[in-house]
Structures are given as C-alpha cells and as structure tokens.
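Below, each chain spelled out in residue letters.
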Amino acid sequence: MTSRPALDVRTVTESEFADWQRAMNIGFLREPTLSEEMLEARREQFTPGRSTGAFDGGRCVATFRSFAQELTVVGGATVPADAVTNVTVAPTHRRRGLLTRMMERDLAAAKERGDVVATLIAAEYPIYGRYGFGPATSATEWTVDVPRTGLDPRRSGPEDGGRIDLVDGEDVRKLGPELHERLRRQQPGAVTRDELWWRTATGAVRFHATFHEPFHAVYRSAGGEVEGMAAYTADDNWGDAKQPLNTARVKWLIGVTPAAERALWHYLCSIDWVVAVRSGWRAPDDLLPHLLPDPRAAAVTTQADWLWVRILDVVRALEARTYQAAGSLVLEVADGAGLTGGRFRLEASADGAGSCVRTTESADLTLDVAELAALWLGDESAVRLAALGRVREERAGAARQADALLRTSRRPWCPDIF
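Residues numbered from 1 in each chain as written. Predicted model: local features only at pLDDT ≥ 70, side-chain atom pairs only at ≥ 80, totals over all residues. Heavy atoms only, no water.

Novice: A description of the overall build of the protein should follow, citing residues and the corresponding values.
Specialist: Within the protein, the regular secondary structure consists of 10 helices and 19 strands. Sequence-distant contacts in the protein: of pairs separated by 6 or more residues, those separated by 24 or more amount to 71%. Positive and negative side-chain charges of the protein, numbering 51 and 58 respectively, have mean locations separated by a distance of 3 Å. (Helix = DSSP H or I, 4+ residues; strand = E, 2+ residues; numbered from the N terminus. Contact = heavy atoms within 4.5 Å. Lys, Arg positive; Asp, Glu negative; His and termini not counted. Charge placed at Lys NZ, Arg CZ, Asp CG, Glu CD.)

Novice: So what's going on with unusual backbone geometry? Which residues, and what values?
Specialist: Residues apart from glycine generally show negative phi values, whereas peptide bonds are mostly found in trans. With a phi close to 55°, Asn-86 is a non-glycine residue in the positive phi region. With respect to the secondary-structure elements, Asn-86 resides in strand E4 (residues 78–89). Looking at Asn-86, the relative accessible area reads 12%, which means it is buried. Unusually for a residue other than glycine, Arg-95 sits at a positive phi of about 60°. Assignment of secondary structure puts Arg-95 in the loop between E4 and helix H3 (98–113). Arg-95 sits in the exposed class, given a relative accessible area of 75%. (Buried < 20%, exposed > 50% of the residue type's maximum accessible area, 1.4 Å probe, protein only.)

Novice: Give a detailed account of the pattern of salt bridges, specifying residues and quantitative values.
Specialist: Taken as a whole and assessed by the stated rule, the structure comprises 30 salt bridges. One salt bridge in this structure joins Arg-163 and Asp-165, with 2.6 Å as the shortest N-O distance. According to the relative accessible area criterion, Asp-165 is buried, its value standing at 15%. The partner of Arg-395 in a salt bridge is Asp-364, with the nearest N and O atoms 2.8 Å apart. A residue pair is termed long-range when its members are at least 10 positions apart, and Arg-395 in the loop between strand E19 (391–393) and helix H10 (398–406) and Asp-364 in the loop between strand E17 (354–358) and strand E18 (365–368) qualify at 31 residues. Each of Arg-50, Asp-82, Arg-113 and Asp-115 takes part in one network of salt bridges that share partners. (Salt bridge = Lys/Arg side-chain N within 4 Å of Asp/Glu carboxyl O.)

Novice: Any chance you could break down the pairing of strand E14 (residues 307–311) for me, citing the residues and the numbers?
Specialist: Most of E14 sits inside the fold, with five of its five residues counted as buried. Of the two faces of E14, the one lined by Leu-307, Val-309 and Ile-311 and the one lined by Trp-308 and Arg-310 are each fully buried. Taken together, the two bridges between strand E6 (residues 134–135) and E14 define a ladder with antiparallel strand orientation. Paired with Pro-135 across the strands is Trp-308, a residue of E14. (Pairing = 2+ DSSP bridges.)

Novice: Can you explain the sheet that holds strand E9 (residues 215–220)? Please cite residues and give values.
Specialist: Across the sheet, which stays open at both edges, the seven strands sit in the order E8-E9-E10-E11-E12-E7-E13 with mixed pairing between neighbours. Both edges of this open sheet fall to strand E8 (163–167) and strand E13 (298–305), since each of them pairs with a single strand only. Across this sheet, the average inter-strand angle for adjacent strands is 25°, counted without regard to direction. In terms of strand pairing, E8 meets E9 through five bridges, oriented antiparallel. Within the sheet, the bridge partner assigned to Ile-164 lies in E9 and is Tyr-219. Packing against the sheet, helix H4 (residues 169–184) makes contact with E8, E9, strand E10 (226–234) and strand E11 (246–255), and its axis sits at approximately 125° to E10. Against the sheet, helix H6 (residues 258–268) touches E8, E9, E10, E11 and strand E12 (274–278), its axis set at about 170° to E11. (Axes fitted to C-alpha atoms, helices over the stretch in contact; angles between N-to-C directions.)

Laid out in structure tokens, this is it:
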C-alpha cells in the first residue's frame, strides 16, 4: 500500500489566504473561485495568527478561523470568547484527524490568551460535542399568517406615541451599533458585532457577488429615542387571480423594550401586499406570537440548537454570571482535553453573586464540560439531562437544586450567526 504523505496543519499567512478561501468555499459547497473584488472584501476578516489550514502538497484542504468576541452571561456581565468559524475539511481528506488537530491548536491558544469560553454555530449537530462544546442556546423561526393575526388592516402606526421610520444603510451604520450594545448588555447569549458586521449587513462591504439590499425600519419612542430596528426583504409573488402573495423575511430585528418589539412586528404585518412574515431566528420564548391578537397566526417553522459553548475556565465562567437563588453545589467536571476539568464548589449568595473554588469535597453532580456549557447560560435543565443519562446525581435532589440555581426566567438568545 502507498503511504499517505504527512499533512501540515499550520497558521495561514496572507499569501496563502486565496488558497485557504478557495478550500473554505469547497468545504461549504460554494463556487470555489472568488472574484478579486470579493476576495479583497473577505481579506478584511483576516486576522494574523487566527486562521489555520491543513495543507497537502502545498494545497489547502481544510480551514479553521477564530476571532475575538464578547459573550453576555446571565446578569449582564461579559466574558472574552474565542469565536470559531469557517471550519471545513475537503471531502477528499475526511477522517484523517484534521479538524481535531486544528481545534486542539485553537483551544489551547484561546486558553493561553485567557478566554473564558469558545463559541460557535454548529452546521452539524454531532461534530462538536467531542471537543467539549455543548448547545447553550436554541432558536425558533415563526411564519406569521398575516390575514389571521387579527390586527386591524387600517392601522397606520404605533399606538404608544412612537413612530416607525424607513432609513438607509448609512443611517443603520450610525444608529445600529449603540442600539445593539444596549440589547447585548441585557440579553444573555448575545455577542458583539464589530464595525465590519454593520458594513457587511448594509452592503458597504460585499462578501458575495449578489447583494440584495434590505429595507430598514427604525422604531423611535414617544420621546424620540431609538429603541428598535429591523432589516427585512420581500419577494414578488402574485397569485393567478392577480392577488399579492408576498412574504417578508426578517434578516434581523432587535428591540430593547417590549414596546419596540410590538411596534416593529405590527409594522411588518401591516405592509401592503405582504401576506406572510418569516421571523428569522428568534429566542424560543420570544414575545412575537403573543404580540398578535391571535397567537396561532404565528406557526413554528423551525426550532434548533444555535449557539454552542466550550468552557475553558470553569471558575471564571461560573463566577461571571448571577444566580436565581442562594445555595451551594459541588460539581465534578470531566474534560477529556484537560483544559478545565476537576471538582468545583459553587456558592451563590442571596444577592445573586457566585463564587467558585476547587475542592476535595464529595461531588453533588458529575457531568462532562459539554453538559456544563449547556447549563451555564440557564437554558438547559439538569433534571432533564439526568433523565437522559448525561448528568449523574451523586446526591439525591442535586439536579433539582442545580436548576433552582442556574435556570433563568427568560431563555438566553444569540441574535447572530458567525
């Protein structure tokens, strides 16, 4: 048998970026070659030292990139995160350990930098659990049947004294960042959006040959303060009887008050010719259905896992968030990669603050670091994981106590894909 040549996994240089980008496109089943204009636009994402590739005979066959991010935790604090993206392996080089090698390099570097967690949006569910990632948030998309909502079709605007204005991309780049900062400071699971995000979302930088400029709606309160914003597109679909059957698709919608969310959803359901609104990815407990007179008009189209988290520092992660009740819990955390495993005592005080230290006391719960990630932002239930055999109670009632400490009144949500 002919032996395979060794594959070189290394940090990508700027001169190798075009080859790396081609490999990434192949891995995602996209057209391999980018125009020079598109390639130059994507170079804005290139951060020296944060892109990794696997090379076979000088040709890139696997890709991996990470970038600096902040993640909001329960209580409003933020932690530094290693955001993982652009992960591909060419179909000719699967099952050769390339992802494992790239992931190990990146997580070790993130740990060395002092990142508390790593994050990603998983294209496929089974891949990332073996690296210690757990699904920490989920997302739901609704399709609203506009004629069934019960909203008054004669409606002309918000009833709270606020107003909706249509704006262009330049306005969004001015108003959006501050509004999003307000949202992410109050939303567990939210992540940072840098300047490049806003430029890309509004077409100032174009990563793809076709860019369809969305409509942008801004909600201002009665006092004139910007409290919400939405970007959406619409198709051009007419029935046989010359009846408009258009669907508005929300690309993103953020509101820092319930009034802003209500006004924006009602606006989207009031647009002439629009008979359906696709909500985009929302929190599973989003207010949307119940902002309509008939909540059944909003049917769940898709529900799935969304943000995955890999805890790199158990102590800092557990001390960063707040807690629902006072109490203590000893956790035995298994980490096959050896980055942050061990036995830890969590103490939560009545004011919501938490402290965490290593301990030799007997464990109350035993779980993998991936399961701890699923519990950390408050979305998952320890009782549920115990029933699935993914958490083991060492003391009767410990899972229920963990839920009392960790779960939150509103579910975490990550508004972004990266």
